[in-house]
Amino acid sequence: AVVSSFFILFFTGIIALATVLIWPIRALWLYLKRRQSFGKRKVRRAVVIGLDGMDPGLANRYMKRGLLPNFQKLKDSGSFRPLRTTMPSISPVAWSTFSTGVNPGKHRIFDFYTRDPKNYSPVLSSAHIGSTEKNIKIGPVRIPLRRSSVKFLRKSTSFWKILGDCGVFSSVLRVPITFPPEKFYGTCLSAMCAPDLRGTQGSFTCFTADSNGEEEYGAEQGTNVSITMQGSRFRGAIPGPTIGSDGNSRSLTLPFEGEVNPGAEGVRLKIDGKRMNLKKGEYSSWVKLTFKAGFRQRISGIARFLLTELEPYLKIYMTPINIDPEKPALPVSHPFYFAMSLAKLYGPFATLGLAEDTWALNERVLDETDFLKQAYDIYEERKTQLLDALRKNKDGFIVTVFDTTDRIQHMFFRYLDDDHPANKDKDTEQHKDTIEHLYRKMDELIGEVFQKIGEDELLMIISDHGFKPFKWGVNVNTWLWQEGYLVLKDGATPGDKWFAQVDWSRTRAFAYGLAGIFVNVRGREKLGIVTPGQERLALQVEIKEKLETLRDERKGSKPIRRCFLAQEVLKGPYVEDAPDLFVGYASGYRASWNSAIGMITDQVIEDNTKSWSGDHSIDPELVPGVFFSNWKLEDKTVALTDLAPTILSLFGSTPESFHDGQTLTLTPP
C-alpha cells in the first residue's frame, strides 16, 4: 500500500510538473490561433435571441398595429425574413440544425422520442441516461455506490465548439438539445431534454384529500397522491426518484405534514424541517427537497408548491422536481459548477428541459392564470441569465433561447379561433389577448437587449418554427390498422399504449411520435418483415399516396397536405435511423395524442379538446420561423442551416465542409 501510494504521488507530481512546463507553449499556441482568427473577424460580439415558436404571420400582424416597436425598428433598419425550418418542424430537430448547421440526416435527431428497434419501446432521441452500481465492502457490510452515466446522442459538431477551437468564448443558455452539455470554450446551461429528478421529461404531482381523486395522467405527465386528513391537520409523502436496478429498485419518498388555516385561505406546510405558508393561488418560492438514497447519499431537487383548492377537498399542486442547480444529480451545465454559480448569484432556477408545466394545464390541475404565472416566472429567470451573460461576455458569442413563446402559444392558440374544439367548456374571454401580450413582452425584451448592443455588434432574433391551430388529431396508427399495415394479435382489442397488442410478425408499418412512420424492416427492427430495397420502397410510396388522398369527411378537407420519403428529403449517414416517411399535416391538423403514443382507437380523425391548442408539427412549408437582425441581410431567403456557417464566418472561422447551409451576406447599418 505504501509503495503504490508513493508511485501514485510520484507520477501525479510528474504530470503536474509537465503541465506547468507545457503551459507557456499551450498559451502561446492559443494566442497565435486566436490572433489569426481575430484578424479575419467581422464582428466583435454576436448575440442570438431564440424565441421558440415565434410566428412571422403573427409578428407582421402585431407590427402593422404598432404593437411591436422594437421588432419594427429591426425590420426597418436591419432585416426581417421568414426562416425556413426543418423536416420535420419539431423543436428538438430544428434547434439541433441551428446548433450544427446540418440537416437531421447528419445530426440524427428526428423527434423527441424514437423507437428502440430491439423492442419497439420509446426511447429519448437526444440522450441516454443509465447508471452503474458498485459496492464498498467493509467486513460483512456492503455499501452501495451508484453512479449515473449520461450519453449525448446528437451527432455532428455544434458551431460554438468550432468557435471555441478558434479561441472565441461562447455563452450558450437554454438552447434545446444541449443535455448533457458538451465541453467547449465557454459556458452552457442545458435545456430540452434535461429530465426532472424522477427521470421523466416533467411529471407534476397533485396532492389531494379527495378519496375519489384517482385520475391517471400517465408517468410522463403527472400523478395524484393522497393526503391523510385528521381534522385540520394532514400528512403525505412526496414521491421522488427511483433508484436501484430493475430487479431491485425502490422509490424514494419525502414525508411532509401541514395544517389548514381557513381564515387565511391557506395552509402551513412542513417539509424536511422547512416551514412555509401557502396561500391559495400563490406559488411558493423554490423549495429544496433532499431524498436519502443510502449511507451518506443524498439526492437533491427543487420544486414549487401551489395551493389550488381548500373546499370541498384540499388540493396542492407541486411542479416537477427539478434537478437542483446548486447540487446537480446530473450535469446540467458546462462547466459543471456554472449552474451552481448562477444559483448562488441569483437563487434557484428551473433546470427541467420542458419547465413550463403544459400537462398540468391540459389536465386542468392548473388553470390558465396559474400557468401564465409559472411561465413568466421562468421567463424572468432566463432573462436574468441572459443579462448576466451580456455583462460578462463582451467579446464573443451569446445565444439564449426563451421557451415562453412556444409554451404559451401551444396552450392559448384556441383564443385566436372561435370555432376551436378546445374552447368547449373553457373560458374564451379572460385570456383572449394572451398571445398579443406575449409578443409585446418579447418586444420589450428586445428593446432592453438593444440598449446593451454596440453599433459594431450583431443582434439576431430567430425562431425554430412558427405556429398554426391544432384543432383535429389524425390517428395514423388507427389508419394503418384499418388499412392492414399494422396488425393486432389474435383476439386483442385496440386501446393499449405503445403498441402493446401489436403482432410484429405481421405488421409492415407503424407511426411513432409527432410526424414519422416507420416501416418494419427486416434486419433493422428486431421482428421486421419488410425486405429492404424495392419492397420497402414500394411500401413507402404506397402509404404516401394513400395518405395524401385521405379525407376528413366531416369537414370536407384533406388533413394531410403532403408525405415525404426520408431518403428524398434527408441527406447524411443517419438517414437509415430516421422514420421512413414524414407526414406533412395541413393547417388545423396534427398527429393525434393517441397516435403519438402508439394507441389504436376507433377513430382516425378526432377533435382536439385539450388546452394544448396550437402546434407546428405539420408541413414545414406552413410554419417558417422568424429571422430579425440589426444588420442588413442581402439574401432573399434564409434557412436554419445557414446560421451556423454564417456566424462562423463572421468570427473569422471557415465554415466546415459538412455544413448544409450557405454563408449569408450581412452588413452593419
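Refer to the preceding data block for the structure.
Residues numbered from 1 in each chain as written. Predicted model: local features only at pLDDT ≥ 70, side-chain atom pairs only at ≥ 80, totals over all residues. Heavy atoms only, no water.

Student: Go over the overall build of the protein with me, naming the residues and quoting the values.
Tutor: Check the secondary structure of the protein and you find 16 helices and 35 strands. Scaling as 2.2 N^0.38, a compact globule of 669 residues should have a C-alpha radius of gyration of about 26 Å, and the protein matches this with 26 Å. With respect to the principal axes defined by its C-alpha atoms, the protein has extents near 70 × 65 × 55 Å. Across the 669 residues of the protein, 57% fall into the buried class. Of the accessible surface of the protein, which amounts to about 28,800 Å², a share of 52% is contributed by carbon and sulfur atoms. Each charge class in the protein was averaged separately, 87 positive and 78 negative side chains, and the resulting centres sit 7 Å apart. (Helix = DSSP H or I, 4+ residues; strand = E, 2+ residues; numbered from the N terminus. Rg over C-alpha atoms; globule rule 2.2 N^0.38 Å. Buried < 20%, exposed > 50% of the residue type's maximum accessible area, 1.4 Å probe, protein only. Areas by Shrake-Rupley, 256 points an atom, 1.4 Å probe, with all protein chains shown as cover. Lys, Arg positive; Asp, Glu negative; His and termini not counted. Charge placed at Lys NZ, Arg CZ, Asp CG, Glu CD.)

Student: Would you mind going over the layout of surface pockets in detail, with residue names and values included?
Tutor: Of the pockets and cavities examined, the second largest pocket occupies roughly 540 Å³. Around the second largest pocket, the lining comprises 27 residues; the ones closest to its centre are R84, T85, T86, M87 and A639. Within the residue set of the lining of the second largest pocket, elements represented by two or more residues are β2 (79-84), β27 (560-565), β34 (638-639) and α16 (640-650). Residue composition of the lining of the second largest pocket, by class: 13 nonpolar, 8 polar and 6 charged. (1 Å grid on protein atoms, 1.4 Å probe; cavity = no way out; pocket = protein on both sides within 12 Å on 5 of 7 lines; lining within 4 Å. Points joined across faces, edges and corners; volume = space filled by probe spheres on them. Nonpolar A, V, L, I, M, F, W, Y, C, P; charged D, E, K, R; others polar.)

Student: Before we move on, can you summarise the environment of P88 with the specific residues and values?
Tutor: Here P88 shows up in the loop between β2 and α4 (91-100). Looking at P88, the relative accessible area reads 3%, which means it is buried. Put simply, P88 and N322 are 234 residues apart on the chain and 29 Å apart in space, counted from C-alpha to C-alpha.

Student: Kindly report on the pairing of strand β26 (residues 516-519), identifying the contributing residues and their values.
Tutor: Along β26, one buried face is formed by G516 and F518 and the opposite face, lined by I517 and V519, is buried too. Strand direction decides the pairing type here: strand β25 (residues 509-512) and β26, joined by 4 bridges, are antiparallel. Looking at β26, one finds that A511 is bridged to I517. With 2 bridges joining them, β26 and strand β28 (residues 581-585) adopt antiparallel strand pairing. In the sheet register, G516 faces β28, and the bridge partner there is F582. (Pairing = 2+ DSSP bridges.)

Student: Run through the sheet that holds strand β15 (residues 274-279), naming residues and quoting values.
Tutor: Across the sheet, which stays open at both edges, the 5 strands sit in the order β11-β12-β13-β14-β15 with antiparallel pairing between neighbours. Single-partner strands in this sheet number two, and they are β11 (228-230) and β15. The average angle at which neighbouring strand axes cross in this sheet is 25°, direction not considered. Looking at chain direction, strand β12 (residues 233-243) and strand β13 (residues 250-261) are connected through 9 bridges and run antiparallel. Paired with P239 across the strands is T253, a residue of β13. (Axes fitted to C-alpha atoms, helices over the stretch in contact; angles between N-to-C directions.)

Student: Mind laying out α16, listing which residues take part and the relevant values?
Tutor: Taking burial as the measure, the 11 residues of α16 include 11 buried ones, the bulk of the element. Taken residue by residue, α16 has L640, T641, D642, L643, A644, P645, T646, I647, L648, S649 and L650 as its buried positions. Positive backbone phi, at 85°, marks G652, one or two positions downstream of α16.

Student: Describe the packing of aromatic side chains, naming the residues involved and giving the relevant values.
Tutor: Tallied over the entire structure, the rule returns 31 aromatic pairs. By way of ring pairs, the aromatic residues Y120, W498, F499, W504, F510, Y512 and F518 are connected into one cluster. Here the guanidinium or amino end of R304 rests over the ring plane of W286, the centre of that ring lying 6.0 Å away. One Lys or Arg, R590, reaches over the ring of W593 and ends 4.4 Å from the middle of that ring. (Phe/Tyr/Trp six-rings, centres within 6.5 Å; stacked < 30°, edge-to-face > 60°. Lys NZ or Arg CZ within 6 Å of the ring centre and 35° of its normal.)

Student: Go over the sheet that holds β26, please, and point to the residues and values.
Tutor: Pairing within the open sheet is antiparallel, and its 4 strands lie in the order β25-β26-β28-β27. One side of each edge strand has no neighbouring strand; the edge strands of this open sheet are β25 and β27. Here the strands of the sheet are splayed against their neighbours by 25° on average, with no regard to which way each runs. Across the sheet, helix α13 (residues 534-547) is in contact with β25, β26, β27 and β28; its angle to β27 comes to roughly 170°. (Contact = heavy atoms within 4.5 Å.)

Student: Describe the nonpolar core, with residues and values.
Tutor: By size, the foremost hydrophobic cluster in this structure holds 109 residues, and its most contacted members are I49, F71, I238, L289, F305 and I316. No other element matches helix α9 (residues 368-392), which puts 9 residues into this core. In this structure F71 touches L51, M54, M63, Y439, M442, D443, I446, I461 and F628, once residues within four positions along its chain are discounted. Of all hydrophobic cores here, the second largest spans 39 residues; its members include A511, I543, V583 and A591. (Core = buried A, V, L, I, M, F, W, Y, C linked by side-chain atoms within 4.5 Å.)

Student: Report on unusual backbone geometry, specifying residues and quantitative values.
Tutor: Here the amide bond leading from F179 into P180 is cis, since omega sits at -10°, within 30 degrees of zero. As for its position among the elements, P180 is in the loop between β7 (170-173) and β8 (186-189). Note that the residue after H334, namely P335, is joined by a cis bond; omega there is -10°. Residue placement: P335 occurs in the loop between β21 (333-334) and α7 (338-346). Unusually for a residue other than glycine, Y120 sits at a positive phi of about 70°. Note on placement: Y120 falls in the loop between β3 (113-115) and β4 (122-124). If you check the backbone angles, D425 has positive phi at about 65° while not being a glycine. With respect to the helices and strands, D425 occurs in the loop between α10 (404-412) and α11 (434-450). Of the residues examined, D425 reaches a relative accessible area of 77% and is grouped as exposed.

Student: Report on α13, specifying residues and quantitative values.
Tutor: With 14 residues, α13 ought to run about 20 Å at 1.5 Å a step, and its terminal C-alpha atoms sit 20 Å apart, in line with that. All of the buried residues along α13 are R536, L539, Q540, I543 and L547. For α13, the arc enclosing every buried residue in end-on projection is 105°, short of the 170-degree limit, so these residues lie on one face. Buried residues along α13 sit against α12 (476-482), β25, β26, β27, α14 (566-569) and β28. (Expected span 1.5 Å × (residues − 1). Arc of directions from axis to C-beta.)

Student: Mind laying out the packing of α9 against α11, listing which residues take part and the relevant values?
Tutor: Viewed as axis vectors pointing N to C, α9 and α11 meet at an angle of 15°, and their least axial separation amounts to 12 Å. One way to sum up the angle between α9 and α11 is to call them roughly parallel. α11 is crossed by α9, and the crossing has right-handed handedness. Side by side, α9 and α11 meet where L372, Y376, Y379, E380, K383, L386, L387 and L390 of the first sit next to T434, H437, L438, K441, M442, L445, E448 and V449 of the second. (Parallel < 35°, antiparallel > 145°, perpendicular 65-115°, else oblique. Left-handed = near helix turned anticlockwise from the far one by under 90°.)

Student: Run through the side chain of T187, naming residues and quoting values.
Tutor: Locating T187 in the fold gives a position in strand β8. With a relative accessible area of 13%, T187 lands in the buried category. Non-local contacts of T187, meaning those with residues more than four positions away in its chain, are made with F169, S170, S171, V172, H334, P335 and F338.

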